[in-house]
Amino acid sequence: MSTLTTTKIGSAVTQKVIQRITGPAGVNAELGALTQGEPGFTGLVDGAQVRAQNVAADLAERAAGVKYPAVNVYCERIVNDLREKFRRFSGSAQMAIELRQSQDRLDGIQDRLELYVDATMQMLNGSRGDWGDGMYYTGQYQVAYLPVKQGGKNFTQMAKVTFEIGVSKD
């Protein structure tokens with residue numbers, strides 16, 4: 001019997017979330033639906049913009065360079081509350097999706113960020129249920145908007161979407 005560690009659970013759930021974001025019914029599909037009437041919208045998210053890491057924006061820009069919008073996915077907390085008594089792990093993983101938008105003008109940065117947040121919420125709404133591998137999503141999430149700061153392409157703003165994934169493993 002293999003040992004189960006919280007690191008493996010966090011990484012496994014993070015990869016499942018990234019698959020949802022970049023998949024055919026992911027954020028880009030929802031962005032397309034939300035921006036149908038907007039001529040010249042070119043803000044689709046490619047796979048290189050989605051990273052499995054919890055890193056401050058200024059560090060990410062200095063270390064590797066960032067293409068905006070940037071999407072960071074990570075596990076914030078793992079709780080084994082033994083919902084199922086005879087499982088080795090039965091609990092939840094608190095996940096976060098950080099969406100970062102940057103542009104040279106202050107005008108419209110919040111509106112642009114809200115498009116990505118709305119697309120993310122729609123993607124999560126369509127992802128309720130069994131995710132396979134002992135993971136499931138019930139549909140609850142929270143969104144927090146942070147104030148605009150200096151950085152990126154002059155100005156940057158971040159929103160953080162948090163939600164729980166139920167995990168049941170032997």
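Summarised in this report is the structure supplied together with it. (Residues numbered from 1 in each chain as written. Predicted model: local features only at pLDDT ≥ 70, side-chain atom pairs only at ≥ 80, totals over all residues. Heavy atoms only, no water.)

## Topic: the packing of aromatic side chains
The line we're drawing: Each Phe, Tyr or Trp ring, with Trp reduced to its six-membered ring, pairs with another whose centre is within 6.5 Å; inter-plane angles below 30 degrees give stacked pairs, above 60 give edge-to-face pairs, and intermediate values give tilted ones. A helix here means a DSSP run of H or I that spans at least four residues, while a strand means a run of E at least two residues long, and both kinds are numbered starting from the N terminus. Exposure categories follow from relative accessible area, calculated using a 1.4 Å probe and restricted to protein chains: below 20% of the type maximum is buried, above 50% is exposed, and the middle band is partly exposed.
The tally for this structure, following the rule as stated, stands at two aromatic pairs. Relative to Tyr137, the ring of Trp131 has its centre 5.9 Å away and its plane inclined at 50°; by these criteria the two rings are tilted. Between Tyr137 and Phe163, the ring centres sit 5.6 Å apart and the planes meet at 75°, which makes this aromatic pair edge-to-face. Pair noted here: Tyr137 is in strand 5 (residues 135-145) and Phe163 is in strand 7 (residues 155-169), with a separation of 26 residues, a long-range link. Accessibility expressed as a relative area gives 2% for Tyr137, which makes it buried. Among the aromatic residues, those joined into a cluster by ring pairs are Trp131, Tyr137 and Phe163.

## A look at the nonpolar core
Applicable threshold: Buried Ala, Val, Leu, Ile, Met, Phe, Trp, Tyr and Cys residues form a nonpolar core when they are joined through side-chain atoms within 4.5 Å. Should any heavy atoms of two residues lie within 4.5 Å, those residues are considered in contact.
If you look at the biggest cluster of nonpolar residues, it comprises 32 residues, and the most contacted ones within it are Val13, Val17, Ile21, Val73, Ile97, Phe163 and Ile165. Elements represented by at least two residues in this core include exactly helix 1 (6-22), helix 2 (27-34), strand 2 (70-79), strand 3 (89-103), helix 4 (109-125), strand 5 and strand 7. At eight residues, helix 4 tops the list of elements feeding residues into this core. With near-sequence residues (within four places) excluded, Val17 lies in contact with Val73, Met95, Ile97, Trp131 and Phe163.

## Notes on the pairing of strand 2
Under the convention used in this document: Note on pairing: two strands pair once DSSP finds at least 2 bridges between them.
As paired strands, strand 1 (residues 50-51) and strand 2 are joined by two bridges and run parallel to one another. Bridging from a neighbouring strand, Arg51 pairs with Asn72 of strand 2. In this sheet, strand 3 lies alongside strand 2 in antiparallel orientation, the contact comprising nine bridges. Counted as the bridge partner of Val73 is Ile97 from strand 3.

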